[in-house]
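# Residue-level structural notes
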Amino acid sequence: MPERKALICWLVSLEGYVTPGSLKDKCSKCGQPVWVAPSSWFILYDNPEMEPLCILCAVEEMKKDKEFEIGGITPAQAVEVLEYLNSR
Ligand SMILES: [Zn+2]
């Protein structure tokens, strides 16, 4: 069975920090609007088979699929996390 790749995204309907420059996309499972940060645009571009998955659907997938793995964060994502921490 081919490995399914998903990009875990924050739901637009949930409150919280939104990385500047984020764009809206839709969860590939439930269709709800999600935020895609600039660092994630590159991940999606480099991995055309990868689809956005909202945080709630990701939790459901993790419960069902014991093989579910979370990839490491990219340097660009780390920069966005630092920007967030420095903005507080
Ligand atoms: Zn979803």
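See the structure printed just above.
This report concerns the structure included in the present document. Every value quoted in this text rests on a predicted model; they were computed, and no experiment measured them.

Turning next to the overall build of the protein chain. Counting its secondary structure elements, the protein chain contains three helices and four strands. The C-alpha radius of gyration computed for the protein chain amounts to 13 Å, which stays within 12% of the reference 12 Å derived for 88 residues, consistent with globular compactness. For the protein chain, the C-alpha atoms occupy an extent of roughly 40 × 25 × 20 Å along the three principal directions. Going through the 88 residues of the protein chain one by one, you find that 27% of them count as buried. When the accessible surface of the protein chain is totalled, it reaches about 6,400 Å², and 59% of it is carbon and sulfur.

What follows deals with the coordination of the zinc ion. Six octahedral donors around a metal ideally make angles of 90 or 180 degrees; four tetrahedral donors ideally make 109.5 degrees. In this structure, Cys27 (SG), Cys30 (SG), Cys54 (SG) and Cys57 (SG) serve as the protein donors to the zinc ion, at separations of 2.3 to 2.4 Å. Mapped onto the sequence, the residues coordinating the zinc ion show the spacing C-x2-C-x23-C-x2-C. Here Cys27 is found in the loop between strand E2 (23–26) and strand E3 (33–36), whereas its partner Cys57 is found in helix H2 (residues 55–64), with 30 residues between them in sequence. Overall, the relative accessible area of 4% leaves Cys27 in the buried class.

What follows deals with the side chain of Ser22. With respect to the helices and strands, Ser22 occurs in the loop between strand E1 (6–11) and E2. Side-chain polar atoms of Ser22 contact the backbone oxygen of Thr19, separated by 2.6 Å. Once residues lying within four places of it in the same chain are set aside, the contact partners of Ser22 are Trp35, Val36, Ala37 and Pro38.

Glancing now at the nonpolar core. Core analysis: the largest hydrophobic core is formed by 13 residues, its most contacted members being Leu7, Cys27, Val34 and Cys54. When residues of this core are traced back to their parent elements, those giving at least two are E1, E3, helix H1 (38–46), strand E4 (51–54) and H2. With residues near it in sequence (within four places) discarded, Leu7 still touches Val36, Ser40, Ile43, Leu44, Met50, Glu51, Pro52 and Leu53.

Reading the values: rules and limits
Residues numbered from 1 in each chain as written. Predicted model: local features only at pLDDT ≥ 70, side-chain atom pairs only at ≥ 80, totals over all residues. Heavy atoms only, no water. Helix = DSSP H or I, 4+ residues; strand = E, 2+ residues; numbered from the N terminus. Rg over C-alpha atoms; globule rule 2.2 N^0.38 Å. Buried < 20%, exposed > 50% of the residue type's maximum accessible area, 1.4 Å probe, protein only. Areas by Shrake-Rupley, 256 points an atom, 1.4 Å probe, with all protein chains shown as cover. Donors = N, O, S within 2.8 Å, 3.2 Å for Na, K, Ca; no water. Polar contact = N/O pair within 3.5 Å; in protein donor to acceptor, adjacent residues only side chain to side chain. Contact = heavy atoms within 4.5 Å. Core = buried A, V, L, I, M, F, W, Y, C linked by side-chain atoms within 4.5 Å.

Note that all results are geometric; they support no functional claim without further evidence.
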